[in-house]
Every structure is written in structure tokens, then in C-alpha cells.
Amino acid sequence: MTTINRRDYLKKMAVGAAAIAGSKLDVFAQRARRRRRRRPETPTPKPARRDPSILNWSITQTRPSPDAFVTAIFAGLMGFTYDPQSPGQGKVGFHGHEDHNLIVKIYRIEGGVCTLNPQQPQATNKKITLGVMPTSNQPVNYYEYNPGVPLDRFAGDAYDFRWLPDLDGPDFYPDNYDAHSDHFKRWLYVKNATFYTRMRTNSKFNLVTQDSDLTKPNALIKPFGYVARYMAAAIELPADGEYVALKVDSNPAIELRPAPGVKYQIVFSNECGICPPPSQAELEGNDERLRSDFHYARKVLKLPGSRVKIALKLDGLPASSSPQDFCRIGIVIRNTDAAPCMGAGYGGGDNP
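Residues numbered from 1 in each chain as written. Predicted model: local features only at pLDDT ≥ 70, side-chain atom pairs only at ≥ 80, totals over all residues. Heavy atoms only, no water.

K.L.:
Looking at this structure, how should I read the sheet that holds strand 18 (residues 310-314)?
P.N.:
Paired through backbone hydrogen bonds, the strands of a sheet run either parallel or antiparallel to each other. Strand order in the open sheet formed by three strands is 13-12-18, with antiparallel pairing between adjacent strands. Edge positions in the open sheet fall to strand 13 (220-225) and strand 18, since each of these has one partner strand only. Averaged over neighbouring strand pairs, the angle between their axes works out to 30 degrees when direction is ignored. Summarising the sheet, strand 12 (residues 205-209) and strand 13 pair through four bridges and their orientation is antiparallel. Following the sheet pairing, asparagine 206 is matched in strand 13 by proline 223. (Pairing = 2+ DSSP bridges. Helix = DSSP H or I, 4+ residues; strand = E, 2+ residues; numbered from the N terminus. Axes fitted to C-alpha atoms, helices over the stretch in contact; angles between N-to-C directions.)

K.L.:
When you look at the sheet that holds strand 8 (residues 127-133) in this model, what are you seeing that I'm missing?
P.N.:
What the seven strands build is an open sheet, ordered 16-15-8-10-5-4-19; its pairing is mixed. Strand pairing shows two members of the sheet lacking a second neighbour, strand 16 (254-256) and strand 19 (344-345), which therefore form its edges. With two bridges connecting them, strand 4 (residues 78-83) and strand 19 associate as parallel partners. Paired with phenylalanine 80 across the two strands is glycine 345, which belongs to strand 19.

K.L.:
Just checking my understanding: could you explain the pairing of strand 12 for this structure?
P.N.:
Looking along a regular strand, one sees side chains alternate from face to face of the sheet. The buried fraction of strand 12 is high, at four of five residues. Bridge count for strand 12 against strand 18 is five bridges, and the pairing is antiparallel. Note on strand 18: the bridge partner recorded for phenylalanine 205 is leucine 314. (Buried < 20%, exposed > 50% of the residue type's maximum accessible area, 1.4 Å probe, protein only.)

K.L.:
I would appreciate a short explanation of the state of the cysteines in the present structure.
P.N.:
What is meant by a disulfide is a covalent connection between two cysteines, made through their sulfur atoms. Scanning all chains against the criterion turns up one disulfide. Note that cysteine 114 is cross-linked by a disulfide to cysteine 327, the S-S spacing being 2.0 Å. Disulfide cysteine 114-cysteine 327: the torsion about the S-S bond is -65 degrees, which places it as left-handed. Here cysteine 114 is found in strand 7 (residues 113-116), whereas its partner cysteine 327 is found in the loop between strand 18 and strand 19, with 213 residues between them in sequence. Judged by relative accessible area, which is 28%, cysteine 114 ranks as partly exposed. (Disulfide = S-S within 2.5 Å.)

K.L.:
How should I be thinking about the confidence of the model for the protein in this particular structure?
P.N.:
Low pLDDT means the predicted atomic positions in that stretch should not be read closely. Residue-level pLDDT values for the protein average 82, and 80% of them are 70 or greater. Low pLDDT, under 50, characterises residues 1-53; the stretch is placed with 184 contacts to residues that sit more than four places away or in other chains. (pLDDT = per-residue confidence, 0-100. Contact = heavy atoms within 4.5 Å.)

K.L.:
Hey, could you run me through the side chain of threonine 81 in this one?
P.N.:
Within the fold, threonine 81 resides in strand 4. With a relative accessible area of 0%, threonine 81 lands in the buried category.

K.L.:
Could you clarify how one ought to interpret the pairing of strand 6 (residues 103-110) in this entry?
P.N.:
As judged from the eight bridges shared by strand 6 and strand 17 (residues 262-270), these two strands associate in the antiparallel manner. In the strand pairing of strand 17, isoleucine 106 is matched with isoleucine 266. As judged from the four bridges shared by strand 6 and strand 7, these two strands associate in the antiparallel manner. Counterpart to arginine 108 in the pairing with strand 7 is threonine 115. Hairpin connection of strand 6 to strand 7: two residues between the antiparallel strands, including glycine 111 at a positive phi of 65 degrees.

K.L.:
What should I look at first to understand the environment of alanine 338 in this one?
P.N.:
Turning to its location among the elements, alanine 338 is positioned in the loop between strand 18 and strand 19. A residue is classified by how much of its surface remains accessible, and alanine 338, at 9% relative accessible area, is buried. With 23 residues separating them along the chain, alanine 338 and aspartate 315 place their C-alpha atoms 9.4 Å apart. Among all residues touching alanine 338, those that are not within four sequence positions of it are Ser203, Phe205, Leu283, Leu314 and Pro318.

Below is the structure:
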């Protein structure tokens, strides 16, 4: 497995990063349809993080298998980051806004048929861990088809992790601002996995200014292309005698052990359970809160009041949705192609 440092990649991207002088992006999703009076955003004097030239993702060019021994599927409002100090640990934070409630289901797959695993995780309070046991030296990586070359957001590799917008990246806020600590209510810590995009949208999006009117000058920042709809992490067992363990809080770990012809999926769903999909008028409107939940991802960051608030807006008409290619029993995955309920990456921070 080839691991590549992102420092060289970001040096190549520096010119493009300066052009956007950015603000941070918000997560997509369905949001509650309630209109709320906007509170004025208070400028914050918080300084940008030190050394903004580095993103922390540990990159691999080895394409993950969509049919790994264990595949974690991520659907809904969440943030992805990487902590090289812990050591080499992927982290996923789950938002708690607007009736977004985390549901975790384990599925056993045999002969192409999904069934609920006999053991299911109990309700989680704060912390979930997922990884190979006994402790493995297999790293956590993030798949990029061609590191060092910007992702073609209209024709790139379908599994490339970069379909997930990185709010610390050159398209948004390469300043790597500090983050509010209270946006993520629960955390998943992942070891021994390769993260990738499970499915991107068929709808294309533009980067625009917050609550923008595209008939006015400077509202359109640039065409952005497709974005991630579902993310995933593939876990294989590199040696005999190993197994995958999922542990929730202080509860006993659930052990997923190899058996002939058996694979597993763990679906982490953090979507709004009461939100209807946005109407066409809302998708085309200037209120970002009604278009999707992407604004929640941007609000994780402590942006100075002077920074442009970058938002996401549908480019043209919604495209037809591809069928979901993962298990879903007893849980409704509320997600549309034009308003994908997905998160964002924070590749410059240790703990967004």
C-alpha cells in the first residue's frame, strides 16, 4: 500500500488556494423545513492554525474493495478528520443538529443477502471505536486515484475520497481555522481501514456566496461539480487469527470474526428523521438552510466575520439518483441526489 504525504500536493495547489481565499463549507443533507430568523454572526478574533500548508490525510493509491471483509458506510451529517498522533487514526464526528440522530446497524452478508447481525450496538453516548484486533499495524489511509493532481470533479475516479469537500482544503479555507468543539455530539475512532467515497451524486453543484442571488455579481464563486453522497471505510484482515471489533462506550466489544463466504457492513446513519426533501423552489432559492444541511459543516469552523461564507447550490436541475448499494433493514436512509445528506472533511485540523 503506497502512502503519500500531502505537503507536496498542497504546494502545487497553493496558487489555486489563494484565489478562493475561502470560507468553510457546510454539510449536505435534508434539513428541517422551518424558516428561522438568522442571528448575526459575531466576528471572532481567533487566529488561524499554525502551518496551514499541510493536510493530515494519509494517502493511498491502492483502490479499496467495495466488498471488503467489513465495510463501514456513512450516511448523513458528519465530519471526517485524521489524527496522526493517536497514532494514525481516522475520526468521524456526528452532528446533533435539527433532529439528526445517530443510528448504527451491523449487517451480515452471505450469498449476497443482507441480514441483521445477531449482536447490535447499544445506544451510544460519546465514543465508538472500530478496528482490527489484536492490535494491528495496518494503517488508516484515504484513497486518492492520483495524488498530487487535483481531482477532476466532473470525471474523476468514483471512489476517490476527495469527492467529500475538505473545508480545510484549497477550495474552501486553507487557513485551517480553529473549530467549535460542540458541533459533534459523538465520535467514531477508526483504525486499520481505507476511507473512500462509496457513492457520489449525479447532480452537479456550484460554490456560491451564502444566501446568494446568482443574478447578482460575484455570487457565483465557481462550478464545483459532483460531491460525495455516501462515504465508506474498507477493513480487511491482514493475518490469520485477527477479527474486527466494534466497541460503543464501555459496553463489551462486538466481534466480527471471519467465516467462509461471510462479509459485514456497519451502517452509520446520522440523518434528519423528520425532514422532507427540499422542493425545487427551495433547491433554487437563496436560503442555504432550505437547500441542504451543508451550512452546518461550515459553522464547525471559527471563521472571522470578514471571511466569505461559501455555500453549495445545485447547478441546473436535479439528476436521477443511483440506487444505494449497501444494506438497509429497519432504517430509512433519507437522502436525495440534489440535497445529499453527507458531511465534510477537515484535513488540516486534529479535532474539529
